[in-house]
Amino acid sequence: MEIVLTGTGSPLPDPHRAGPSTLVKVGDTHILVDAGRGTVMRLAAAGSLPAFLAAVLVTHLHSDHICALNDVITTHWVMTRAAVPLRVVGPVGTARFVERQLAALEDDIGYRIAHHRELERGPWVEVTELEPGESLEVGGVAVTTAATEHAPVRPTIGFRLEHEGVGAALVGDTLPCPGVDRLAAGADAYVQTVIRRDLVEASPIEMMRDILDYHSGVVDAARTAARVGARRLVLTHLVPAPPPGEYEDWRALAAAHFDGEIVVGDDLTTITL
Ligand SMILES: [Zn+2]
Ligand SMILES: [Zn+2]
């Protein structure tokens, strides 16, 4: 199993960080978790494409995690000519979001069908909405879910992907909670979106400080990783994004609470399990 961080950014625009998304490759099975800003460009750099995706898993409907879904849908559509469906899996509300994306794309869909003889129909998207705790299989990869805690965003779900005894937890934006503990228990990699509480607390911007009550800090993530016996902690969605000289500070904060391997993610950082 290979995990490629296809976007380690956040809502804050950053020339070096695409919005949150993570690609998991198991052989030819490519699974994307979330689709933030610039996801399709990063997929291309990671040796993937929307047409290769066995599924897109959505953790929650915050815009930074799904704003590139229309790009994924459109690119999948024109490259497959809608011969195969794009499978999108997410919490309740995902189907409505996809329907509205398709409605917004209606003019474009009409133009392309009118222009390309080979394009006979619009995008084919198959949405599966999951309740927390439900599971499914994607291309031989077992996917389990659990509720996460990101109120007032509801529902939110995290994922665990398992294949031949290797497990990765990709839990999205969440406070530490029992669902995350279940998904990350004994995982070979626990990928957590994080903020630096100390830096965010010091922000003069109230809307910035608002994010403190629904995200895991670096220390929270490290404590979770240690508590549940994860082997690696992968930090992504870094807020505020560290300049080059500060990665060691992030790592040290986590290392004070967790003995395993710690990865402070950059776009296209790849973890092989
Ligand atoms: Zn969020
Ligand atoms: Zn987010």
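Before any of the text, the structure's been laid out above.
Described below are features of the structure shown in this document. Please read these numbers as outputs of a predicted model, since none were measured by experiment. (Residues numbered from 1 in each chain as written. Chains lettered and ligands numbered in written order. Predicted model: local features only at pLDDT ≥ 70, side-chain atom pairs only at ≥ 80, totals over all residues.)

Examining the overall build of the protein
Defined as follows: Put simply, DSSP H or I for four residues or longer makes a helix, DSSP E for two residues or longer makes a strand, and each gets a number counted from the N terminus. Labels follow a simple rule on C-beta atoms placed from the backbone: if 20 or more others lie within 10 Å of a residue's own, it is buried; if 12 or fewer, it is exposed; otherwise it is partly exposed. Think of it this way: build a C-beta for each residue from its backbone, and any pair within 7 Å is a contact.
When its secondary structure is counted, the protein shows 10 helices and 15 strands. Projected onto its principal axes, the C-alpha coordinates of the protein cover approximately 60 × 45 × 30 Å. Split into buried and exposed, the 273 residues of the protein put 44% on the buried side. Within the protein, contacts between residues separated by at least 24 positions form 62% of all contacts whose residues are at least 6 apart in sequence.

Quick look at the sheet that holds strand β3 (residues 29-33)
Here is the rule: Two strands make a pair as long as DSSP finds a minimum of two bridges between them. Each axis is a line fitted through C-alpha atoms, and for a helix only the stretch in contact is used; angles between axes span 0 to 180 degrees, taken between their N-to-C directions.
Spatially, the 7 strands line up as an open sheet ordered β6-β5-β4-β3-β2-β1-β15, and their pairing is mixed. The sheet is open, and its two borders are formed by β6 (125-130) and β15 (270-272), each paired with just one other strand. The mean angle between the axes of side-by-side strands here comes to 20 degrees, regardless of whether they run parallel or antiparallel. Note that β3 and strand β4 (residues 53-57) share 4 bridges and pair parallel. By the bridge assignment, leucine 32 is partnered in β4 with valine 56. Helix α4 (residues 94-104) rests against β5 (86-91) and β6 of the sheet, and its axis sits at about 155 degrees to β6.

Observations concerning helix α9 (residues 218-228)
Residues of α9 that are buried include every one of Val218, Asp220, Ala221, Ala222, Thr224 and Ala225, and no others. Considering only its buried residues, α9 is in contact with α6 (178-184), β11 (189-195), β12 (216-217), β13 (232-239) and α10 (247-255).

Looking at the nonpolar core
Filter applied, for reference: A set of buried Ala, Val, Leu, Ile, Met, Phe, Trp, Tyr and Cys residues, joined to one another through C-beta atoms within 7 Å, is what we call a nonpolar core.
By size, the foremost hydrophobic cluster in this structure holds 67 residues, and its most contacted members are Ile31, Val56, Ala168, Tyr190 and Leu233. Discounting residues that sit within four places of it in the chain, leucine 233 has contacts with Tyr190, Gln192, Ala221, Ala222, Ala225, Ala254, Phe258, Gly260 and Ile262.

Comments concerning the packing of α9 against α10
This is how the line gets drawn: Here roughly perpendicular refers to angles of 65 to 115 degrees, roughly parallel to angles under 35, roughly antiparallel to angles over 145, and oblique to all remaining angles. Left-handed is the label given to a crossing in which the near helix is rotated counterclockwise from the far helix by less than a right angle, and right-handed is the label when the rotation is clockwise. Note that Gly is not counted as nonpolar here; it falls among the polar residues with everything else outside the nonpolar set of Ala, Val, Leu, Ile, Met, Phe, Trp, Tyr, Cys and Pro and the charged set of Asp, Glu, Lys and Arg.
With their axes 8 Å apart at the nearest point, α9 and α10 run at an angle of 45 degrees to one another. Taken as axis vectors, α9 and α10 run oblique relative to one another. When you trace α9 past α10, the crossing you get is right-handed. Contacts from Val218, Val219, Ala221 and Ala222 in α9 reach Trp250, Leu253 and Ala254 in α10. For the contact of α9 with α10, the per-class residue count stands at 7 nonpolar, no polar and no charged.

Regarding the pairing of strand β2 (residues 21-26)
In terms of residue burial, β2 counts as a mostly covered element, since 5 of its 6 residues are buried. Bridge analysis of strand β1 (residues 2-7) against β2 gives 5 bridges, and the strand direction is antiparallel. If you follow leucine 5 over to β2, its bridge partner there is threonine 22. Of the strand pairs in this sheet, β2 and β3 are connected by 5 bridges, and their pairing is antiparallel. The residue bridging lysine 25 from the neighbouring strand is histidine 30, located in β3. Between β2 and the antiparallel strand that follows it, β3, lie 2 residues; glycine 27 among them carries a positive phi value of about 60 degrees.

Such coordinate-based values are descriptive only and should not be taken to indicate function.
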